[in-house]
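Examining the three-dimensional arrangement
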2 protein chains.
Amino acid sequence: MRSIYCGKLNKSHVDQQVELCGWINKRRDLGGLIFVDLRDREGIVQVVFDPEVEGLMDKANALRQEFCVQIKGVVRARPDSQVNKDMATGEVEILGTDLTIVNRSEPLPLDFNQQNSEERRLTYRYLDLRRPEMSDRIKLRAKASSFVRRYLDSNEFLDIETPVLTKATPEGARDYLVPSRVHKGSFYALPQSPQLFKQLLMMSGFDRYYQIVKCFRDEDLRADRQPEFTQIDIETSFLTSDQVRAITEKMIREMWLEFKNVDLGQFPVMPYSEAMSRFGSDKPDLRNPLEIVDVADLVKDVEFKVLSAPANDEKGRVAVIKVPGGAVMSRKQIDDYTKFVGIYGAKGLAWLKVNDLAQGVEGIQSPIAKFLTEDVINGLLERTNAQTGDILLFGADKRNVVNEALGALRIKLGLDFELTRLDQWAPLWVVDFPMFEEDDEGNLHAVHHPFTAPKGITAEELEANPANQLSDAYDMVLNGYEVGGGSVRIHNNKMQQAVFRILGINEQEQQDKFGFLLEALKYGTPPHAGLAFGLDRLVMLLCGTDNIRDVIAFPKTTQASCLMTNAPSVANPEALKELAIAVAIASSEDAAE
Amino acid sequence: MRSIYCGKLNKSHVDQQVELCGWINKRRDLGGLIFVDLRDREGIVQVVFDPEVEGLMDKANALRQEFCVQIKGVVRARPDSQVNKDMATGEVEILGTDLTIVNRSEPLPLDFNQQNSEERRLTYRYLDLRRPEMSDRIKLRAKASSFVRRYLDSNEFLDIETPVLTKATPEGARDYLVPSRVHKGSFYALPQSPQLFKQLLMMSGFDRYYQIVKCFRDEDLRADRQPEFTQIDIETSFLTSDQVRAITEKMIREMWLEFKNVDLGQFPVMPYSEAMSRFGSDKPDLRNPLEIVDVADLVKDVEFKVLSAPANDEKGRVAVIKVPGGAVMSRKQIDDYTKFVGIYGAKGLAWLKVNDLAQGVEGIQSPIAKFLTEDVINGLLERTNAQTGDILLFGADKRNVVNEALGALRIKLGLDFELTRLDQWAPLWVVDFPMFEEDDEGNLHAVHHPFTAPKGITAEELEANPANQLSDAYDMVLNGYEVGGGSVRIHNNKMQQAVFRILGINEQEQQDKFGFLLEALKYGTPPHAGLAFGLDRLVMLLCGTDNIRDVIAFPKTTQASCLMTNAPSVANPEALKELAIAVAIASSEDAAE
């Protein structure tokens, strides 16, 4: 029914007969002629219906927005005065010679000429996706994932599928469970990642694996999370972490060259400890020039407990952010920032304005000035290289509170003061993560996952002193987003058992949950390492949107609902009976709508 | 750690230094030398450790089967007398100069030199996948799916992901359900196919969609079914069924050329009615020359109710299969075939041997000969062109019983009498399926699915006379396997509602289940058609295996279990509580193991 896509027409087609299929994007009647913009997935072209072409005007006159039509016509150049430079096909138009209304449309429940609420857009997703802005994103996603496949195929990676109906894993987030009909009372889990399967594939000798694969996390949803998300999952044998990073960094660099015409250059590599110290975050946005500067040593002896107590506590941190030109902040603004850091547990936000550096201590304004000696003040000014007009904002608390509060504040300040170079790209690798983190009860948890190898240490050494060891893990960060993460894996039964023990997983539990892995590690497991990228996030960055739902054809809301189909929904009681499960909602809780 | 894969070594590498990584496939000690076959994913090469190379023999002597090693060495040509022609790398060997034992292996629980039970192979899947026979299949699968993607990408199809957590559909098989934590008491369903989503993508204007996607069916499992399976899912707008078939047939033809070096030629197209009549099946294996021949008209008046009753019943069928040379069948063999057709509901298996055609009726041997007049016998011989030495086997019953029984018998006879040309390829399209089939209570069911368009008929005409209408559906059949199936879809709200009504889905149910589809059909839906291939089956055929588990890295058993991980398993009671569900096993039923 079609000889060419509308969006592909240009001057080279002038005088050709064409058949087009698409939708009426717009209609204008002018001087007895009817002009329509015909839209298909590749673009829009103008079609003119002229009364001189017999027998067409009645049909053309019936056309309304979003009617689906087939049009035959002749391509003609527009006169210079009518060339539309905002339109890719703006140098030509089609003189309609035949018109078939393939399907009519009722007036749309979305107005394409204005903002629609996201709720409405998601309810009528199939219509919202007709907007070129949206369909371009979905097309870019298809092209990006095809690009990734070609890159990995050409690097001898094998695309191998792993199960979706699998066994529950103990990773951070919660599993979606699927009741089994055959084994009543038993459940499958949807994978949070194919982690163990890809490791087993290395044990099978496949050497280089990838998969672009759906993963699932049943957790509280944030703006950039979805209950199901897509991972570019990669695993290799016999490569060091440097080599894995080199291969995958090259992929991202080539991707950005292809899709953004941007050379990301070689990615800087930063230890976790440095990232936390300078940016309060393990995924710092390096487009933001603000840094967090440690000042505990300067304030150890001040008579202000808020500063001196954490400065003298080995689990504490005292640090400042210097905002150049920030002395203009009003009391109200400072109050707002104080509330903001409060979200992250900070109990206040001390500040110090450098109103006039030339006046020395006299030129300083600060509610805590009375606690600070001239030496301390000079020390702070020197350490931060503060200039007239700058402000220092203090964080003083437990180390993780300061990191979270100042880390978040840094991002906010960067945007508010227009310091973050939003038009740039800032990739980096964060490496040398700690193996474990301690919770409030003193239990250790894996920072990556329990299959991550420690760096340069034996199982015995690790067990003797687990708390301060580093793992051979790495995250790829781009503009403050963690776009990928991975590690060298444990390939040795003894080390794996040691890590399980450190994590408090007893022998029985090890067998129940990971018996197959421990068994598999006995038979000549190769050293292996891998990584997973979040495809949704990569595409989000390529598209320049910060809403992950924009790059997913049929996304769920932050409440994990599909507004279009109304999933999830109440199940057929017969079906539940066959699955041997019953809904058990405690009376105090709300039932599903 | 590696400079080249073992399997890629050949004479062109002679005198080169190489670094290899892999597993000890075999070890032989001979004349003071140690020979090992080193295996990686690309193949096997022989490595020689010679005492003349200092300091290696102790380590080499420690090598056992499946040790993971890194070997450095020099490639050298084997003397002519030692060239191994059964080995791709058999013209060369490596003189080992350095050896690192990367990881040791305990003795394997599988014996690679003999058959292992499938249970054992599935339990130790990661080891079974080391066998080149198995890993070659997984590699072929990766290459096949990459091939499909390249074909579809180059034909302007867009790879678009659809949700896995979705809404229950009413298709034939049963849904896997996933309880929602956020909406307690509500459930997602895992998709049996992305059918409605791909139709909605056409309504969005994406025009050509594909996805290689996991689908799920919670039904009784047969040898060639898995609870999760992979579909090459395709949908197009503005194409006729002929055009969709042409594009997809070309893909399969090019695939067979690429992977089997076989030209499948142009696929014959056969109406469903002809397939059922000649082969008793809608997925006939055309490599089998046997056909089912209707003879009801010949036996309408015989005094043998078993034949004459169905011959006079419009829902009955009387037909024969002629087996050339089949008159040699023993009584025992005929008894076995009689039992065999009994499985399909046939109450017996009348037969007629042509012992000597020249003797006329005298040369005929049959338990029912006394009921058959000379005319009837001659009619049968003529219709089937039976020759001396042939046998006719009768089916007489309800039409579907005869089709099933003789259809299955035909396959069995083709194999037993070595008539089926197993070394050949026989593709075809089956088209013109009925829209509906009637169950025993007289209710109509969709033969494909309720979104399939009828062929050349209005909604009013369809509703007036639904029982005998054809759909614009098509199945691709290869060697008796349905490898793909699809249809033109309904793109019109009125037609869709008519079909729902015919299927007994009332207004309320239409709104609850398909409200979004009926709504979407109001806004200029393009005509669209598509198809889905079973990737597992295609790869199975490419690999020449008839066990679908052979082409899936981590398959489930026919009981839908994973023997390696022990999924499904009993869930954490805390997790169930959070999901607001309880296990409710009736006391008479068995609990999960």
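Residues numbered from 1 in each chain as written. Chains lettered and ligands numbered in written order. Predicted model: local features only at pLDDT ≥ 70, side-chain atom pairs only at ≥ 80, totals over all residues. Heavy atoms only, no water.

In the annotation of an unreviewed UniProt entry, chain A is listed under the name Aspartate--tRNA ligase and assigned to Pseudoalteromonas xiamenensis. Listed under Function (unreviewed entry) in UniProt, the entry text for chain A is "Catalyzes the attachment of L-aspartate to tRNA(Asp) in a two-step reaction: L-aspartate is first activated by ATP to form Asp-AMP and then transferred to the acceptor end of tRNA(Asp)." UniProt annotates chain A under Subunit (unreviewed entry) with the comment "Homodimer." (UniProt positions renumbered as here; feature names shortened; annotations may be inferred.)

Let us look at the interface of chain A and chain B. Taken together, the contact pairs 117 residues of chain A with 117 residues of chain B. Overall, the association of chain A and chain B removes approximately 10400 Å² of surface from exposure, summing both partners, and the carbon and sulfur fraction of that is 59%. For the chain A face of the interface with chain B, the top three residues by lost area are Arg41, Phe238 and Tyr523 of chain A, together amounting to 8%. Viewed at the interface, chain B and chain A are joined by twelve salt bridges. (Contact = heavy atoms within 4.5 Å. Buried area = accessible area lost by both parts, 1.4 Å probe. Salt bridge = Lys/Arg side-chain N within 4 Å of Asp/Glu carboxyl O.)

Moving on: the nonpolar core. Grouped together as the largest cluster of nonpolar side chains are 140 residues, with contacts concentrated most on Leu190 of chain A together with Leu190, Ile232 and Ile252 of chain B. The biggest single contributor to this core is helix H4 (residues 132–154) of chain B, with nine residues. Residues within four places of Leu190 of chain B in sequence aside, it is in contact with Leu165, Val178 and Leu190 of chain A together with Val164, Leu165, Thr166, Asp175, Tyr176, Val178 and Phe216 of chain B. (Core = buried A, V, L, I, M, F, W, Y, C linked by side-chain atoms within 4.5 Å. Buried < 20%, exposed > 50% of the residue type's maximum accessible area, 1.4 Å probe, protein only. Helix = DSSP H or I, 4+ residues; strand = E, 2+ residues; numbered from the N terminus.)

In this fold, Asp301 of chain B is placed in the loop between helix H8 (296–299) and helix H9 (305–311). Spatially, the C-alpha atom of Asp301 of chain B lies 9.5 Å from that of Leu372 of chain B, the residues being 71 residues apart in sequence.

The subject of this paragraph is helix H11 (residues 374–384) of chain A. Residues and elements named next belong to chain A. Taken as a whole, H11 has its buried residues at Val376, Ile377, Gly379, Leu380, Leu381 and Thr384. Looking at the buried side of H11, the elements it contacts are strand S12 (292–294), helix H8 (296–299), strand S13 (316–323), strand S14 (351–354), strand S15 (364–365) and strand S16 (391–398). Following H11 by one or two positions, Asn385 has its phi on the positive side, about 50°.

This brings us to the relation of the copies chain A and chain B. Mapping chain A onto chain B leaves a residual RMSD of 0.1 Å; the transformation is a rotation of 180° accompanied by 0.0 Å of translation along its axis. The transformation just described matches what one would write down for a two-fold rotation axis. A shared interface surface links the copies, since 100% of the contact residues of chain A are contact residues in chain B too. (Least-squares fit on C-alpha atoms with pLDDT ≥ 70 in both.)

For the rest of this paragraph, the subject is the sheet that holds strand S7 (residues 177–179) of chain B. Two modes of strand pairing occur in sheets, parallel and antiparallel, and in both the strands are linked by backbone hydrogen bonds. The three strands lie next to each other as S23(A)-S8(B)-S7(B), forming an open sheet whose pairing is antiparallel. The open sheet has two edge strands, strand S23 (569–570) of chain A together with S7 of chain B, and neither has a second partner. Here two bridges tie S23 of chain A to strand S8 (residues 186–189) of chain B, and the two strands are oriented antiparallel to one another. Residue Ser569 of chain A lies in a different strand from S8 of chain B, and its bridge partner there is Phe187 of chain B. (Pairing = 2+ DSSP bridges.)

Okay, the UniProt feature "binding site: L-aspartate" (unreviewed entry) in chain A next. Per the UniProt entry, the sites bearing "binding site: L-aspartate" (unreviewed entry) are Glu171, Arg217, His448 and Arg489 of chain A in this numbering. Following the sequence through the fold, Arg217 of chain A ends up in the loop between strand S9 (208–216) and strand S10 (228–237).

The next subject is the pattern of salt bridges. Residues and elements named next belong to chain A. One pass over the structure, following the stated rule, counts 94 salt bridges over all chains. For Arg130, the salt bridge goes to Glu66, with nearest N and O atoms at 2.8 Å. Separated by 64 residues along the polypeptide, Arg130 in the loop between helix H3 (125–128) and helix H4 (132–154) and Glu66 in the loop between helix H1 (57–62) and strand S4 (68–77) bring together distant segments of the chain. For Arg130, a relative accessible area of 2% gives the class buried. Glu66 sits in the buried class, given a relative accessible area of 0%. Two residues, Lys494 and Glu460, come together in a salt bridge whose shortest N-O distance is 3.2 Å. With Lys494 in helix H14 (residues 493–502) and Glu460 in helix H13 (residues 459–464), this residue pair connects regions lying 34 residues apart in the sequence. Given a relative accessible area of 47%, Glu460 falls into the partly exposed group.

The subject of this paragraph is the packing of aromatic side chains. A full pass over the atoms with the stated rule returns 26 aromatic pairs over all chains. Relative to Phe500 of chain A, the ring of Phe451 of chain A has its centre 6.4 Å away and its plane inclined at 90°; by these criteria the two rings are edge-to-face. A residue pair is termed long-range when its members are at least 10 positions apart, and Phe451 of chain A in the loop between strand S19 (444–446) and H13 and Phe500 of chain A in helix H14 qualify at 49 residues. Here Phe451 of chain A and Phe500 of chain A have matching classes, each one buried. Each ring, one from Tyr124 of chain B and one from Tyr126 of chain B, has its centre 6.3 Å from the other, and the planes form 75°; the classification is edge-to-face. Residue Tyr124 of chain B is classed as buried on the basis of its relative accessible area, which comes to 15%. Clustering of aromatic rings is evident, with ring pairs tying together Phe451, Phe500 and Phe514 of chain A. Against the face of Trp429 of chain A rests Arg245 of chain A, its NZ or CZ located 5.9 Å from the ring centre. Of note, Lys412 of chain A hangs over the ring of Phe340 of chain A, and the distance from its end group to the ring centre comes to 5.4 Å. (Phe/Tyr/Trp six-rings, centres within 6.5 Å; stacked < 30°, edge-to-face > 60°. Lys NZ or Arg CZ within 6 Å of the ring centre and 35° of its normal.)

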